[in-house]
Amino acid sequence: MKLKVNNQERNFSGDPQMPLMWYLRDELGLTGTKFGCGVGLCGACTVHVDGRAARACATPMQSLDGKAITTIEGLHPQGNHPVQKAWRDANVPQCGYCQPGQIMQAAALLNENKRPNDEQILSAMSGNICRCGCYQRIFSAVKAAAKEA
């Protein structure tokens, strides 16, 4: 199967049931996508599939033929996507483990809705868990990024 990962053409001929996360981490060395729960509930592994947020741990490779995948490494070459800049400005991370997934979820929200209201931000981000409880800073950063996007 053929797919694009961070704008690079890739071929995959392995186990069609392999989760996208393991392909990204183990075969491509893109370790920004984090393993959290393994069943798509925590959001640590969030990437974009054709511009929409997807849980890489629960997305089988067989569903990705012809698709475009974007990981945290591919969001912006210098880490200056509006969401990444807002994250830095708001000093969002504490431990940082969930942050790639949080950032990718926020970027997907802003791809779909340039000016989300508070309820839409809370709804979109509610599936991403932060064990450190940085939710207020995450919310503030998403609002700030929406002004720049």
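All values derive from a computational prediction rather than experimental measurement. (Residues numbered from 1 in each chain as written. Predicted model: local features only at pLDDT ≥ 70, side-chain atom pairs only at ≥ 80, totals over all residues. Heavy atoms only, no water.)

Caption draft 1: A look at the overall build of the protein. Each helix and strand counted, the protein has six helices and five strands in total. The secondary structure elements of the protein, listed N-terminal to C-terminal, are β-β-α-β-β-β-α-α-α-α-α. Expected size for 149 residues packed as a compact globule is a radius of gyration near 15 Å; at 15 Å, the protein falls within 12% of this value. For the protein, the spread of C-alpha atoms along the principal axes amounts to about 40 × 25 × 25 Å. Here the protein, with 149 residues, has 42% of them falling under the buried criterion. In the protein, the proportion of contacts linking residues at least 24 apart, taken out of those at least 6 apart, comes to 60%. Carbon and sulfur atoms form 47% of the exposed surface of the protein, whose accessible area is close to 7,700 Å². Measuring between centres, the 16 positive side-chain charges of the protein sit 5 Å from its 12 negative side-chain charges. (Helix = DSSP H or I, 4+ residues; strand = E, 2+ residues; numbered from the N terminus. Rg over C-alpha atoms; globule rule 2.2 N^0.38 Å. Buried < 20%, exposed > 50% of the residue type's maximum accessible area, 1.4 Å probe, protein only. Contact = heavy atoms within 4.5 Å. Areas by Shrake-Rupley, 256 points an atom, 1.4 Å probe, with all protein chains shown as cover. Lys, Arg positive; Asp, Glu negative; His and termini not counted. Charge placed at Lys NZ, Arg CZ, Asp CG, Glu CD.)

Caption draft 2: Broad picture of the packing of aromatic side chains. Per the counting criterion, the structure on display carries two aromatic pairs. Centre to centre, the rings of phenylalanine 12 and tyrosine 23 are 5.1 Å apart; their planes meet at 80°, and the pair counts as edge-to-face. Within this pair, whereas phenylalanine 12 is found in the loop between strand S2 (8-11) and helix H1 (20-27), its partner tyrosine 23 is found in helix H1, the two being separated by 11 residues in sequence. In terms of burial, phenylalanine 12 and tyrosine 23 fall into one category: buried. (Phe/Tyr/Trp six-rings, centres within 6.5 Å; stacked < 30°, edge-to-face > 60°.)

Caption draft 3: Inspection of the sheet that holds strand S3 (residues 46-49) at higher detail. Read across the open sheet, the five strands follow the order S2-S1-S5-S3-S4; overall the sheet is mixed. Lying at the two open borders of the sheet, with one neighbouring strand each, are S2 and strand S4 (52-55). Across this sheet, the average inter-strand angle for adjacent strands is 35°, counted without regard to direction. Pairing geometry for S3 and S4, over four bridges, is antiparallel. Within S4, the residue paired with valine 47 across the bridge is alanine 54. Contacts between helix H4 (residues 99-112) and the sheet are confined to S3, S4 and strand S5 (68-70), with S3 contributing the most and set at about 35° to the helix. (Pairing = 2+ DSSP bridges. Axes fitted to C-alpha atoms, helices over the stretch in contact; angles between N-to-C directions.)

Caption draft 4: Highlighting H1. Of the positions making up H1, those classed as buried are Leu20, Met21, Tyr23 and Leu24. Among the structural elements, strand S1 (2-5), S2, S3 and S5 are those in contact with the buried residues of H1. Glycine 29, located one to two residues past H1, shows a positive phi value of around 70°.

Caption draft 5: Spatial organisation of the pattern of salt bridges. Across all of its chains, the model carries four salt bridges by this definition. Across the pair lysine 4 and glutamate 9 runs a salt bridge, and its minimum N-O distance is 3.9 Å. You can call lysine 4 partly exposed: its relative accessible area is 34%. With a shortest N-O distance of 2.5 Å, aspartate 118 and lysine 143 are connected by a salt bridge. (Salt bridge = Lys/Arg side-chain N within 4 Å of Asp/Glu carboxyl O.)

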